[in-house]
Amino acid sequence: MNYWLLAPEIILTIAGLVLTVAATGGASARALAAVTAVADLAALATLPWLWSQGPTELWDGLFVVDGLAVFFAALLLTIATLLALLSPAYLERFGLRAGEFFTLVTFAVLGGLVLSASRDLITIYLGLELMALSSYPLAGLMRRDARSGEAAIKFFLIGAVSSAVLLFGLSLLFGFTGSTHLPAISAALSTQPALAAPIAAAMIFVVAGLMFKIAIAPFHLWAPDVYEGAPTPVTAFLITASEAAGFAAVLRLFGDGLGPLAGSWGTLLAVLAVLSMLYGNLAALSQSRAKRIMAYSAIAQAGYVLAGVALGNESGLSAALYYLFVYALMTLGTFAFIAWVEVRSGTDALTAFDNLAARAPAAAFFFSVALIALIGIPFTAGFFGKLLLFRAAVGAGWSWLAVMMLLNSVLAAPYYLRFIRHMYFPATAPEAGAARAVVPGGIAWTLLIALVGIVLLGAIPQPFLGWIEAVRLLP
Amino acid sequence: WAVQADWLPSIGASYHLGVDGISLPLLLLTAGVGLLCLIALPARRFARGDVYAWLLLLQGALFGVFLALDTLLFFVFWELMLVPAYFLIAAGGGAAARRAALRFFMFTFGGSAFLLLGILILVQNSPGRSFDMLGLAAAAPPSSLVQGACFLLLLIGLGVKMPFFPLHGWLPSAYTEAPPAVTMFLSGVMAKAGAYGLFRIVYPMLPDAAGAYSLTLATLGAITIIYGAALAYSRRTPQAMFAYSSLSHMGFVLLGLAAATPMGLAGALFVMISHGLISPLLFFLSGIFSERGHVREFPDAAGLYTAMPIAGVFFAFAALANLGLPGLSAFAGEFFTLLGTYPVLIGAVVAALIGLILAAAYNLRAIRQLLMGEPGRPAADLGGVDLTISVPLVLGIAGLGLFPTLLFRLFDPPVTAILSRLGGM
């Protein structure tokens, strides 16, 4: 029993406990951020060794180490590290309890790790719940703001209901196949000649429960309010890490467990993905607040990733994973800048972005690159991710999906461009000789790292792509 | 003349660049006109200095487009053109410029969605699934259904950039709202990228579809010529007039392509280059008239010839070149195009001739209204910097007009190669 395989989880647990104690001691936001970042980096450092240990299972599949587990661990830990970089400025400005913030984030990431390193229904659900329960208070961290409280309550209620729905579906699955171990479930299902009613019901419940988690239309109604009301670093976390973990669950359950039923859930997921894309993009066009725009954009972007998953083949999987990773980079870069705008002017309305190109040229440029990556212009990782998705769709013969994705790419451009327009070509003329605005160090570093990642992965994607293609689902 | 490196073996795209007779003049045009536009950008007008960066970036992207021998690489550079162009157009200042920039972006971005889909389908249906252009051109063409679909998709995607009717909605506002130096580059060089794509990708790889849609292309080209010329005649400002004139000339390119005869193709290419010299000169001089001559709309007689003699002469030269005066470059291009189209599509030739008559009308009228008469107030004539910009263009136009074989010799080998793919129509 090689407990070293649990290294990242152990590191995070220790870090979480340390942070809990440090929080009561009244340490500063930066110190706590440093502790979190160090822990995350340490966990990241163990991953190459973990990858070399090859596919292994512990405790009958309750915990596995395989390509998917390592990928999601890398993704979640990277997100957490960047989050630790960009949050302190925001936390200090708005007087939020940094100890609680970092503790909850660490435990949420731990939940995500547990969830993605699992081939058993029980630990999947456990991980999902750990992440969800840690996220609910995070949404309500701005205690004096009514919208934050509303966000937390909405999030909790919807989250609890969707967890229950998911659990019901999982229990139906267990009842029908007699095992919680995903390969065993898959084997049992492959002997079914047709789609029996309980299995269809189980599938519907699982789909509903999971689609709530990743905010796919039409299960997305909670997302805009929650994403807008929560503190900006929390929103960034929810959009990147929480959705990534949700997709890990989707990939495990559908790729691993419900694999034999791919014909049934493939089209269903594809339709949901297209609905998400359309709804997210169309709704975002009429918004005037930055966080709400990004909230709807997140719904649309989740649709893209889901489309890749729905294809059910290896190129679709690689495309979805690649896009998830670069999406995290782009989103964190974007939110770092939005957080700075809020720190600076107290609001996230689009007018707060006016003239920022003159006041903070470098930061504005980095932000623009992140936006351009989200639109999908080449030499950014965002374009390449979309290209992979389009190519996978055309290659699988699902041209209609490719057409819808292309259409949505075009639809999405105006609302991203709106940020650029406000920064570079505002309606109000700039005051002559305006002073340069100072960008906090952590936010600046996040923007820089995001930029480097986006451009590097956009220009020379091959090494990273090669690694992702080596990530396969276990047979 | 080619370089190739591994870029994305996972999906069959490589970093493949090369030059041939078609791309060489376009590259020289991009470099030359780009340099002139950089000189022409007046620094004091812009709040930030980044316009130079954007222009260089646009130039770089265009180099990439003209050099790429890998379809994905082509598309990457094609899309890369969008962002600098957006910033350059919006730099014209004012809400109208912002709207024009957004319109341009959305039109072109939408078009490129079609382009990408067409490329992906084409690659998907080719043996080997590689994006390489030479490989795709040499391989057997796909089934006619696939060809037809790809042809339409690529036509729309590339056509937005040229543009031709009815995909030209972004052109009038963009060309008039952008700073003159920017419009010089956009109309002189960037517009050629679309036609280049047709030569490089569509015709070699989709020969049957190209033949089948020949009449459609010719019709669109003819409509573009007449529509552009008619609207140019009715415009009230020089910039708008020359914007539509630019549209009209791109119709000639489409006509030559549609004919698919040796003279037609070569003529179309020649028109591209010659227009790439004439159009910047026209927009440059219009910009000077507007700023220093204080003439923004077409009055009855602005007398600019008396006020600014050198500029007046150059403008007359450019306008005469624009209408196709023999001895100047446009004539060679248009004449050859029509000569090449005549054997196959007589109706289109008739339409084009109508367009030429209209071109004569609006160009001569511009000369009369801007140059003749008594000047209202004194204006500074072309200075040293302005001459540095205009003289090379004038020399180029005259040189190509008097020695067109310089270019035609370059065009011959690739044109022959394309036609052999088409089955020697």
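Residues numbered from 1 in each chain as written. Chains lettered and ligands numbered in written order. Predicted model: local features only at pLDDT ≥ 70, side-chain atom pairs only at ≥ 80, totals over all residues. Heavy atoms only, no water.

Student: Would you take a moment to explain the overall build of chain A for this structure?
Tutor: Helix and strand content of chain A: 19 helices and two strands. Dimensions of chain A along its principal axes, counting C-alpha atoms only, are 75 × 55 × 40 Å. In chain A, which comprises 475 residues, the proportion classed as buried is 64%. Sequence-distant contacts in chain A: of pairs separated by 6 or more residues, those separated by 24 or more amount to 81%. Taken as a whole, chain A presents about 15300 Å² of accessible surface, with 70% of it coming from carbon and sulfur. One way to put it: in chain A the 21 positive side-chain charges average out to a point 10 Å from where the 21 negative ones average out. (Helix = DSSP H or I, 4+ residues; strand = E, 2+ residues; numbered from the N terminus. Buried < 20%, exposed > 50% of the residue type's maximum accessible area, 1.4 Å probe, protein only. Contact = heavy atoms within 4.5 Å. Areas by Shrake-Rupley, 256 points an atom, 1.4 Å probe, with all protein chains shown as cover. Lys, Arg positive; Asp, Glu negative; His and termini not counted. Charge placed at Lys NZ, Arg CZ, Asp CG, Glu CD.)

Student: Explain the overall build of chain B here, please?
Tutor: Per the secondary structure count, chain B includes 19 helices and two strands. Over its C-alpha trace chain B gives a radius of gyration of 21 Å, about what one expects of a compact globule, namely 22 Å for 425 residues. Along the three orthogonal principal directions, the C-alpha set of chain B runs to about 70 × 50 × 35 Å. Counting all 425 residues of chain B, 65% fall into the buried class. Sequence-distant contacts in chain B: of pairs separated by 6 or more residues, those separated by 24 or more amount to 81%. (Rg over C-alpha atoms; globule rule 2.2 N^0.38 Å.)

Student: Even after reading the chapter, I still don't get empty space enclosed by the protein, so can you show me in this structure?
Tutor: Where empty space is left becomes clear once a probe the size of a water molecule has been rolled over the atoms. The tally for this structure, following the rule as stated, stands at nine cavities of 30 Å³ or more. Put simply, the largest cavity is a space of about 170 Å³. Surrounding the largest cavity, 16 residues form its lining, Phe-155, Phe-212, Lys-213, Trp-222 and Ser-242 of chain A being those nearest its centre. Where the lining of the largest cavity is concerned, the elements lending two or more residues are helix H5 (121-139), helix H6 (146-177), helix H8 (197-213) and helix H10 (232-257) of chain A. No other element matches H5 of chain A, which puts five residues into the lining of the largest cavity. Tallied by class, residues from the lining of the largest cavity come to 10 nonpolar, four polar and two charged. Considered as a void within the structure, the second largest cavity measures approximately 110 Å³ in volume. Taken together, 14 residues line the second largest cavity, and the ones lying closest to its centre are Gly-376, Phe-390 and Leu-406 of chain A together with Glu-79 and Phe-109 of chain B. (1 Å grid on protein atoms, 1.4 Å probe; cavity = no way out; pocket = protein on both sides within 12 Å on 5 of 7 lines; lining within 4 Å. Points joined across faces, edges and corners; volume = space filled by probe spheres on them. Nonpolar A, V, L, I, M, F, W, Y, C, P; charged D, E, K, R; others polar.)

Student: Can you help me understand unusual backbone geometry in this one?
Tutor: With glycine set apart, most residues show a phi of negative sign, and most peptide bonds adopt trans. Geometrically, the link from Ala-217 of chain A to Pro-218 of chain A is a cis peptide bond, its omega value of 0° lying close to zero. In this structure, Pro-218 of chain A sits in the loop between H8 and helix H9 (223-229). With an omega of -25°, the peptide bond between Met-162 of chain B and Pro-163 of chain B qualifies as cis. For Pro-163 of chain B, the location among the structural elements is in the loop between helix H7 (144-159) and helix H8 (171-177). Phi angles above zero are rare outside glycine, and Ala-215 of chain A is one such case at about 55°. Of note, Ala-215 of chain A is situated in the loop between H8 and H9. Taking relative accessible area as the criterion, Ala-215 of chain A reaches 0% and is therefore assigned buried.

Student: Explain the interface of chain A and chain B here, please?
Tutor: For an interface, size is often stated in terms of accessible area lost upon the parts coming together. With 34 residues of chain A at the contact, the number on the chain B side is 33 residues. When chain A packs against chain B, close to 3100 Å² is buried across both sides, 80% of that on carbon and sulfur atoms. Among the residues chain A hides against chain B, the three largest losses belong to Phe-379, Arg-391 and Phe-425 of chain A. Together they make up 20% of the total. Between the two partners, chain A and chain B, sit zero salt bridges. Put simply, chain A and chain B have one residue pair in polar contact (both at pLDDT 80 or more) between them. When contributions to the side of chain A that touches chain B are tallied by element, the ones reaching two or more residues are helix H15 (361-375), helix H16 (381-395), helix H17 (399-424) and helix H19 (462-469) of chain A. (Buried area = accessible area lost by both parts, 1.4 Å probe. Salt bridge = Lys/Arg side-chain N within 4 Å of Asp/Glu carboxyl O. Polar contact = N/O pair within 3.5 Å; in protein donor to acceptor, adjacent residues only side chain to side chain.)

Student: Where do I start with the nonpolar core in this structure?
Tutor: A general trend in soluble globular proteins is that nonpolar side chains are found buried together. Within the largest apolar cluster, 373 residues are counted, with the highest numbers of intra-cluster contacts made by Phe-72, Met-211, Phe-254, Tyr-322, Phe-337 and Phe-353 of chain A together with Phe-315 of chain B. Among the elements that take part in this core, helix H13 (residues 314-345) of chain A stands out by supplying 22 residues, more than any other. Leaving out residues up to four positions away in the same chain, Phe-254 of chain A has contacts with Met-203, Val-206, Val-207, Leu-210, Gly-259 and Trp-265 of chain A. (Core = buried A, V, L, I, M, F, W, Y, C linked by side-chain atoms within 4.5 Å.)

Student: Would you mind showing me how to read the environment of Asn-281 of chain A here?
Tutor: Residue and element names in this part refer to chain A. Here Asn-281 is to be found in helix H11 (residues 262-284). Sequence separation of Asn-281 and Gly-61 is 220 residues, and the distance between their C-alpha atoms is 39 Å. Not counting residues within four places of it along the chain, the set of residues in contact with Asn-281 comprises Ala-300, Tyr-304, Asn-408, Leu-411, Ala-412 and Tyr-415.

Student: Explain helix H1 (residues 7-24) of chain A to me, please; I cannot follow it from the model alone.
Tutor: Residue and element names in this part refer to chain A. Taking 1.5 Å per residue, 18 residues should reach 26 Å; H1 reaches 26 Å between its end C-alpha atoms and fits that length. Among all positions of H1, only Ala-7, Pro-8, Glu-9, Leu-12, Ala-15, Gly-16 and Leu-19 are buried. Where H1 is buried, its residues contact helix H2 (29-52), strand S2 (63-65), helix H3 (67-94) and helix H4 (98-116). Where H1 terminates, the next one or two residues include Gly-26, which has phi positive at roughly 75°. (Expected span 1.5 Å × (residues − 1).)

Student: Where do I start with the pattern of salt bridges in this structure?
Tutor: Residues and elements named next belong to chain A. In total, this model carries 10 salt bridges over all chains according to the counting rule given. For the salt bridge of Lys-154 with Glu-150, the shortest nitrogen-to-oxygen distance reads 3.1 Å. With a gap of four residues between them, Lys-154 and Glu-150 both fall in helix H6, about one helical turn apart. Overall, the relative accessible area of 28% leaves Lys-154 in the partly exposed class. Of the residues examined, Glu-150 reaches a relative accessible area of 41% and is grouped as partly exposed. Through salt bridges that share partners, Arg-147, Glu-150, Lys-154, Asp-225, Glu-228, Arg-289 and Arg-292 make up one connected network.

Student: Help me understand H10 of chain A in this model?
Tutor: Along an α-helix, a turn takes 3.6 residues, which lines up residues three or four apart on a common side. Residue and element names in this part refer to chain A. The first and last C-alpha atoms of H10 sit 35 Å apart over 26 residues, in line with the 38 Å expected at 1.5 Å per residue. The sharpest bend along H10 reaches about 30° and sits at Leu-238. Extensive coverage of H10 is indicated by the burial of 25 of its 26 residues. (Bend = angle between axes of the 7 residues up to and from the residue.)

Student: Sorry, what's going on with the packing of helix H9 (residues 180-205) of chain B against helix H19 (residues 405-422) of chain B here?
Tutor: Two quantities define a packed helix pair, namely the angle between the axes and the distance from one axis to the other. Residue and element names in this part refer to chain B. Running from amino to carboxyl end, H9 crosses H19 at an angle of 25°, the nearest separation of the two axes being 8 Å. Overall, the two elements H9 and H19 adopt an arrangement that is roughly parallel. Along the contact surface, H9 presents Phe-199, Tyr-203, Pro-204 and Met-205, while H19 presents Ile-418, Arg-421 and Leu-422. (Axes fitted to C-alpha atoms, helices over the stretch in contact; angles between N-to-C directions. Parallel < 35°, antiparallel > 145°, perpendicular 65-115°, else oblique.)

Student: I keep staring at the confidence of the model for chain B and nothing clicks. Help me out?
Tutor: Low-confidence regions, as indicated by low pLDDT, have predicted coordinates that should not be scrutinised in detail. Residue and element names in this part refer to chain B. The predicted model of chain B averages 82 in pLDDT, with 92% of residues at 70 or higher. The least confident element of chain B is strand S1 (residues 2-8), whose mean pLDDT is 69; the most confident is helix H4 (residues 82-90), at 89. Of the two predicted TM-score estimates for the complex, the pTM is 0.87 and the ipTM is 0.84. (pLDDT = per-residue confidence, 0-100.)

Student: What exactly am I supposed to notice about the environment of Ile-158 of chain A here?
Tutor: Residues and elements named next belong to chain A. Among the secondary structure elements, Ile-158 is positioned in helix H6. Given the relative accessible area of 30%, Ile-158 is considered partly exposed. Spatially, the C-alpha atom of Ile-158 lies 30 Å from that of Trp-340, the residues being 182 residues apart in sequence. In this structure, Ile-158 is in contact with Phe-212 and Trp-222, ignoring residues within four places of it in sequence.

Student: How do you make sense of the packing of aromatic side chains when you look at a structure like this?
Tutor: Here a ring pair, both rings aromatic, is described through the centre-centre distance and the interplanar angle of the planes. Counted according to the given criterion, the structure contains 50 aromatic pairs over all chains. Here Phe-325 of chain A and Phe-464 of chain A contribute two aromatic rings whose centre-to-centre distance is 4.9 Å and whose plane-to-plane angle is 55°, an arrangement assigned as tilted. Within this pair, whereas Phe-325 of chain A is found in helix H13, its partner Phe-464 of chain A is found in helix H19, the two being separated by 139 residues in sequence. Overall, Phe-464 of chain A belongs to the buried group, its relative accessible area being 15%. Feature note: the residues Tyr-424 and Phe-425 of chain A together with Trp-54, Tyr-86, Phe-87, Phe-105 and Phe-109 of chain B constitute an aromatic cluster, connected by ring pairs. Positioned over the ring face of Tyr-304 of chain A is Lys-386 of chain A, at 4.9 Å from the centre of the ring. (Phe/Tyr/Trp six-rings, centres within 6.5 Å; stacked < 30°, edge-to-face > 60°. Lys NZ or Arg CZ within 6 Å of the ring centre and 35° of its normal.)

Student: Even after reading the chapter, I still don't get the side chain of Lys-161 of chain B, so can you show me in this structure?
Tutor: Among the secondary structure elements, Lys-161 of chain B is positioned in the loop between H7 and H8. Apart from residues no more than four positions distant in its own chain, Lys-161 of chain B is found in contact with Trp-78, Met-81, Leu-82, Phe-104, Thr-108, Trp-170, Met-190, Ala-191 and Gly-194 of chain B.

Student: Just to check I follow, could you spell out the packing of helix H7 (residues 182-190) of chain A against H10 of chain A for this structure?
Tutor: All names here are of chain A. Where H7 contacts H10, the two axes come as close as 8 Å, and the packing angle between them is 40°. When the interaxial angle is binned, H7 and H10 end up oblique. Across the interface between the two elements, Leu-182, Ile-185, Ser-186 and Leu-189 from H7 touch Arg-252, Leu-253, Asp-256 and Gly-257 from H10. Tallied by class, the residues present in the contact of H7 with H10 amount to four nonpolar, two polar and two charged.

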